[in-house]
Amino acid sequence: MLIFRKPIEGIDRPQMEADVVIVGGGPSGMACALRLSQLIDRHNQRHPDAQISKENIYLLEKAREVGQHCLSGALLDPRSMDELLPGWRSEAPIEAEVTHEDVYFLTEKKEYRLPITPPPLRDHGNFVISINRFVKWLGEKVEQAGITVFTGFAGSELLFNENRVVGVRTDDKGVDKHNQQKSNFEPGYELKSKITILAEGTRGSLTKQLVGRFNLDQHRNPQVYGVGVKELWEVPSGRIRKGQVVYTMGWPLTTKEYGGSWIYGAKDNIVSMGFVTGLDYADPRLDPHHVLQDFKQHPFIAHLLDGGKMIRYGAKSLPYGGWYSMPPLGGNGWMIVGDSAGFLNSQRLKGIHLAIKSGMLAAETAFEALLENNFTDEKLKQFKDRVDASWIRDELYEVRNFHQGFENGLVHGLLHTALQQITGGRGLHEVYTTHAGHRRLQHLNQLPEDGGKRAHMLGQARGDGKLTFDKLTDLYHSGTRHEEDQPSHLVIHDTNICNTRCVQEFGNPCQNFCPANVYEMVEAADVPHGRQIHLNPSNCVHCKTCDIMDPYEIITWVPPEGGGGPNYDGM
Ligand code: SF4
């Protein structure tokens, strides 16, 4: 029987008082902590008799080490880093400065280079980075600045006092598969905080709790997502220049699915490559990991990788919805930053600079709140005013309808994009509406049995072990590790639906959309269709795709015991 993780009731949890708790140590959380520290330092220098302490500012990171769960392409637009840490370029881990970029359209066997690189994809002046190394470096800066970073601690639950967020409960440690305390049991902390800043990344679990409790998604476009599946390759020298950037559209996707690839040349003949598939496709048999394996078999890509070696693997979802999908950014005792709020420019395929800037603006709001001892709705809502007055709004408002324009496929999307370009992002309407991606999955009986034009990317890839890989082989290269004896952190609210309705209606798409082989349908005698859901939670790379794409919305991703997860070293 599947046992799912849930809070252990009736125990005393240690309490800690905090001024600010930042949940999540990615780019936005780290930038928030660093900016807050800078503002406090400046204030304390100017007002030696009215010091503000940093002692009660904490950052929680669920990974064992800072940066381990961070995954991105990654290309960094330096704008926000120049504001946060002038002079950062001389000391930050940078792989390469972009020197050359190309965009290709792929058919199954041919590639066509666009004669002009569309302006949003011109990357001169940007930097190829490993987001893992970059965040690790930022984390060192945060600790040197005197902010306490707790690694291996996940935020499991928000603490409320009526309509106010009053802190976070961290994960209980030492809980066995049956949700019982082990001999090494340690209850989570109740961090009672004046301000809680959610910087959890895409589809944050606490952010989801907050959005649900206060209906923060009302009167907004639903958030839509993509999942990026990435491999790091070491290739023979001369295949790609350091600082070379290639984007592709088209194959293996058909004109009905949204997505594309990136290929970045880093130093030492390392290639960062991956494929983002929009999580709003129609065929539940489509497998985003399989899409990447198909992509690598294109002659253009196979030549690049020939004789090379895949060295790392990972996957992560990203928010595509843009300006009109963002929830309110601040309220009674809370703010939301980075990917958790949807700060991503899907037209430019970039979000790190926006995540950093959003963290900085939240820090400025938090600093003022601390000065005034005012943590109310009115005060923390000023974070949104700051965003509106910043270049974030200029950048995101111009592409406010971009992804939604592709709702009916590539051809419509390109036409809408052209129209939006000449109308300052408006296009045909001020707000293009959209549907949540999982609602676009069709029942199997509405789709061609043989898959039609999509047949090549349906079901799991087998892999040849050289150029292409099955999920388990790839997964091995993600460094994923969890405590085995713990309840499942993938909570399925009604497994009967998996074993009955979903088998027939969608063919259990969790087996396909999960890039880590967590979900399997295994033979069983006492269920109607002879197969039942089985989970391998230890495989989970924390991409959140299942929480997003499950057609019945019965899967909830909750944090496993802190410290578990992938190890995206160098990714
Ligand atoms: Fe991603 Fe969910 Fe699979 Fe974990 S179980 S790897 S979050 S799809």
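Residues numbered from 1 in each chain as written. Predicted model: local features only at pLDDT ≥ 70, side-chain atom pairs only at ≥ 80, totals over all residues. Heavy atoms only, no water.

A.B. asks: Mind showing me how you'd approach the nonpolar core here?
C.D. replies: Soluble globular proteins tend to bury their nonpolar side chains together. In this structure, Met81, Trp88, Phe343 and Tyr519 are the most contacted members of the largest nonpolar core, which totals 166 residues. Examining the composition of this core, we find that eleven residues originate from one element, helix H8 (residues 352-372), more than from any other. For this core, the domains that each give at least three residues are domain 1 (15-73 + 136-222 + 323-397) and domain 2 (94-129 + 225-319 + 442-571). Non-local contacts of Met81, meaning those with residues more than four positions away in its chain, are made with Leu76, Pro86, Trp88, Phe134, Trp137, Leu138 and Ile356. (Core = buried A, V, L, I, M, F, W, Y, C linked by side-chain atoms within 4.5 Å. Buried < 20%, exposed > 50% of the residue type's maximum accessible area, 1.4 Å probe, protein only. Helix = DSSP H or I, 4+ residues; strand = E, 2+ residues; numbered from the N terminus. Domains from an automatic or database assignment. Contact = heavy atoms within 4.5 Å.)

A.B. asks: What exactly am I supposed to notice about the site of the ligand here?
C.D. replies: Looking at the ligand, there are 13 residues lining it, with Cys514, Cys540, Cys543, Lys544 and Cys546 nearest. Class assignment of the residues belonging to the shell around the ligand gives a composition of eleven nonpolar, one polar and one charged. (Near = heavy atom within 4 Å. Nonpolar A, V, L, I, M, F, W, Y, C, P; charged D, E, K, R; others polar.)

A.B. asks: I would appreciate a short explanation of helix H14 (residues 495-505) in the present structure.
C.D. replies: Side chains that are three or four residues apart share a direction in an α-helix, a result of its 3.6 residues per turn. When we look at burial in H14, the residues that qualify are Ile497, Cys498, Asn499, Cys502 and Val503. Here the buried face of H14 lies against strand E21 (490-492), strand E22 (519-523) and strand E23 (531-535). You can read the cap of H14 off the contacts: a side-chain oxygen lies 3.0 Å from the backbone nitrogen of Asn496, and it is on Asp494. Within two residues after H14, Gly507 carries a phi angle of roughly 70°, on the positive side. (Polar contact = N/O pair within 3.5 Å; in protein donor to acceptor, adjacent residues only side chain to side chain.)

A.B. asks: I would appreciate a short explanation of the packing of aromatic side chains in the present structure.
C.D. replies: Applying the stated criterion across every chain yields a total of 17 aromatic pairs. Pairwise contacts between aromatic rings join Tyr58, Phe150, Phe153 and Tyr189 into one cluster. In this structure, Arg213 is placed above the aromatic ring of Phe160, and the distance from its NZ or CZ to the ring centre is 3.8 Å. Against the face of Trp557 rests Lys544, its NZ or CZ located 4.4 Å from the ring centre. (Phe/Tyr/Trp six-rings, centres within 6.5 Å; stacked < 30°, edge-to-face > 60°. Lys NZ or Arg CZ within 6 Å of the ring centre and 35° of its normal.)

A.B. asks: So what exactly am I meant to see when it comes to the sheet that holds strand E5 (residues 100-106) here?
C.D. replies: Each strand in a sheet pairs with its neighbour through backbone hydrogen bonds, running either in the same direction (parallel) or in the opposite one (antiparallel). Read across the open sheet, the seven strands follow the order E6-E5-E15-E16-E17-E14-E18; overall the sheet is mixed. The open sheet is flanked by strand E6 (111-113) and strand E18 (309-319), the only strands paired with a single partner. The sheet shows a mean angle of 20° between the axes of neighbouring strands, taken without regard to direction. The pairing of strand E16 (residues 259-265) with strand E17 (residues 270-278) spans seven bridges and is antiparallel. Residue pairing across strands places Trp262 opposite Gly274, the latter belonging to E17. Together, E5, strand E14 (225-234), strand E15 (244-250), E16, E17 and E18 form the strand contacts of helix H5 (residues 288-296), whose direction differs from that of E14 by roughly 45°. (Pairing = 2+ DSSP bridges. Axes fitted to C-alpha atoms, helices over the stretch in contact; angles between N-to-C directions.)

A.B. asks: Just to check I follow, could you spell out the domain arrangement of the chain for this structure?
C.D. replies: According to the domain assignment, the chain consists of domain 1 (15-73 + 136-222 + 323-397), domain 2 (94-129 + 225-319 + 442-571) and domain 3 (412-440). A separation of 25 Å is found between the C-alpha centroids of domain 2 and domain 3. Listed per partner, the contact involves eleven residues of domain 2 and five residues of domain 3. Taken together, both faces of the contact between domain 2 and domain 3 bury some 590 Å²; the carbon and sulfur share is 48%. At the junction of domain 2 with domain 3, the criterion picks out one salt bridge. Note that Glu553 is salt-bridged to Arg439, the shortest N-O span being 3.5 Å. Joining domain 2 to domain 3, the criterion identifies three residue pairs in polar contact (both at pLDDT 80 or more). (Buried area = accessible area lost by both parts, 1.4 Å probe. Salt bridge = Lys/Arg side-chain N within 4 Å of Asp/Glu carboxyl O.)

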